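Remarks on the overall topology
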Amino acid sequence: MSVDTSTERTAGRPPAPRTPAPRPPALRPPVLRTLAGRAPAPVAPARATALVSGGVAAAALLALVGIGALLREPVLIPPIAASAAIVYGVPALPLAQPRSVVAGHLLCAAVGYLALALLGGAPWVAALGAGVAVGVMTLARTPHSPAAATTVVVVLQSPDPRWFLPLLTGAAVVLVLAGTAASRARPGAVRYPVYWW
């Protein structure tokens, strides 16, 4: 009869926790190593900053909804909501500055109307127009990624430019003014805008 000596050796000691052995980095597939990158994780903002940024974004977007209700025209479109995330979430980025927010949306709307007039309102035209809009923003030094979606909205929904362009301009200006007011109201906040033009 054989006796289990491993039990005798560990008698009186608590069992060691079982943790999986770490996988050596060399055994990770190259794709995972590439995706992991070398950049450190971004520092989490203070809760107060996150609450204020979210609150100001919600207030500005609700104001746009109210303006749209008064005018009986939609003022809040998805690209404007995405712009709010950039303006209030990362106000120091070049993408968030007024030149990029306002001019980016207007340039992309113009590209959308041109694509719509020349090629029609098909999804492939929207995709092509958005690509061209990115190039136009780059040349004009007005990078603003949500504005490329404005091109898609114009091509796929064909809004009347007589009301869409003024409302789009007004919505972008409201985001900029709310961001400016919010940054001045909080002591120690990042000043927005870093530059106007």
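Just above sits the structure.
Keep in mind it's a predicted model, so treat the numbers as computed, not measured.

Mapped onto the fold, glycine 89 is located in helix H4 (residues 78–89). Judged by its relative accessible area of 51%, glycine 89 falls in the exposed class. As a C-alpha pair, glycine 89 and glycine 179 span 90 residues in sequence and 9.9 Å in three-dimensional space.

The next point concerns empty space enclosed by the protein. A water-sized probe, rolled over the atoms, reveals where empty space remains. For the structure on display, the rule yields one cavity of 30 Å³ or more. Space inside the largest cavity adds up to approximately 40 Å³. As for the largest cavity, its lining consists of Pro74, Val75, Ile77, Ile80, Trp163, Phe164, Leu167, Leu168 and Ala171. The element that contributes the greatest number of residues to the lining of the largest cavity is helix H8 (residues 161–185), accounting for five residues. In terms of residue class, the lining of the largest cavity is made up of nine nonpolar, no polar and no charged.

Attention now goes to the packing of H4 against H8. Put simply, H4 and H8 touch, their axes get as near as 10 Å, and they point 20° apart. If you check the angle between H4 and H8, you find them roughly parallel. Where H4 crosses over H8, the handedness of that crossing is right-handed. Contact residues: Ile80, Ser83, Ala84, Val87 and Tyr88 in H4; Leu168, Ala171, Ala172, Val174, Leu175, Ala178 and Gly179 in H8. Looking at the contact of H4 with H8 residue by residue, the classes come out as 10 nonpolar, two polar and no charged.

Conventions used here
- Residues numbered from 1 in each chain as written.
- Predicted model: local features only at pLDDT ≥ 70, side-chain atom pairs only at ≥ 80, totals over all residues.
- Heavy atoms only, no water.
- Helix = DSSP H or I, 4+ residues; strand = E, 2+ residues; numbered from the N terminus.
- Buried < 20%, exposed > 50% of the residue type's maximum accessible area, 1.4 Å probe, protein only.
- 1 Å grid on protein atoms, 1.4 Å probe; cavity = no way out; pocket = protein on both sides within 12 Å on 5 of 7 lines; lining within 4 Å.
- Points joined across faces, edges and corners; volume = space filled by probe spheres on them.
- Nonpolar A, V, L, I, M, F, W, Y, C, P; charged D, E, K, R; others polar.
- Axes fitted to C-alpha atoms, helices over the stretch in contact; angles between N-to-C directions.
- Parallel < 35°, antiparallel > 145°, perpendicular 65-115°, else oblique.
- Left-handed = near helix turned anticlockwise from the far one by under 90°.
- Contact = heavy atoms within 4.5 Å.

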